[in-house]
Amino acid sequence: KAVLSSFVLVPDQNRGATRLAGSATVDLGATPSFTASLSSSVLATPPPNVTADQGPQPYELARLLQSVPVLPVPPIAGEITAEVDEIDLDTLSLDNAGLDATTDGKTWTIKNFTGQLPGGTNVTLAGQITAPQGATSFTGTLSLTAKRLDALAALWRRPPPGNPLLNMPGSFTSKISLTGT
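Visitor: How should the overall build of the chain be read in this particular structure?
Guide: Looking only at helices and strands, the chain features two helices and nine strands. Listed N to C, the secondary structure of the chain is β-β-β-α-β-β-β-β-β-α-β in terms of helices and strands. By residue count, 28% of the 181 residues in the chain fall in the buried class. A separation threshold of at least 6 residues defines the contact pool for the chain, and within that pool the share at least 24 residues apart is 45%. In the structure as shown, the chain presents an accessible area of about 11,600 Å², 59% of it carried by carbon and sulfur atoms.

Listed below in structure tokens is the structure:
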């Protein structure tokens, strides 16, 4: 058994504020496995390359998904838990994010990913992450539950006078499938 009682990961030297601190245990026995716990105050996605002509982008979400790197899958089974105070997604922030994920050494299973958006909106995601042909793909479910739809909608556009969403709750759950390119 190998124990890392404490470590710090800096994914990109150009984003010094993006750090993951944690601990991990690796069992090297007949059935190798690992457990890891990570935490961070702020994680930031890479900024867009404003000097490159990328042509028209259909939605900000498409650019965000294209910036996510292929997730490495260790060759052994294991479990990761993570807590992040804020995930900066360039155009919005996801607060109080938590992740419980497992791997069988081939794919990742997100048992539970949670976070909060404005308007008392809780985001929950669960499903499978795979990387066929080197492109990250996700299949699972997404749920959003908002206490105030007007505050959530204000992330994307200015509310109109007499906003019909004012103080209205709302929610949805959907199956989703995202395939990377």
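There's more to say after this.
Visitor: Honestly, the pattern of salt bridges in this entry has me stumped. Any pointers?
Guide: Side chains that differ in charge, positive against negative, can pair when their charged atoms come close. All chains considered together, the criterion is met by two salt bridges. Across the salt bridge formed by Asp150 and Arg148, the nearest N and O atoms sit 2.7 Å from each other.

The rules behind the values
Residues numbered from 1 in each chain as written. Predicted model: local features only at pLDDT ≥ 70, side-chain atom pairs only at ≥ 80, totals over all residues. Heavy atoms only, no water. Helix = DSSP H or I, 4+ residues; strand = E, 2+ residues; numbered from the N terminus. Buried < 20%, exposed > 50% of the residue type's maximum accessible area, 1.4 Å probe, protein only. Contact = heavy atoms within 4.5 Å. Areas by Shrake-Rupley, 256 points an atom, 1.4 Å probe, with all protein chains shown as cover. Salt bridge = Lys/Arg side-chain N within 4 Å of Asp/Glu carboxyl O.

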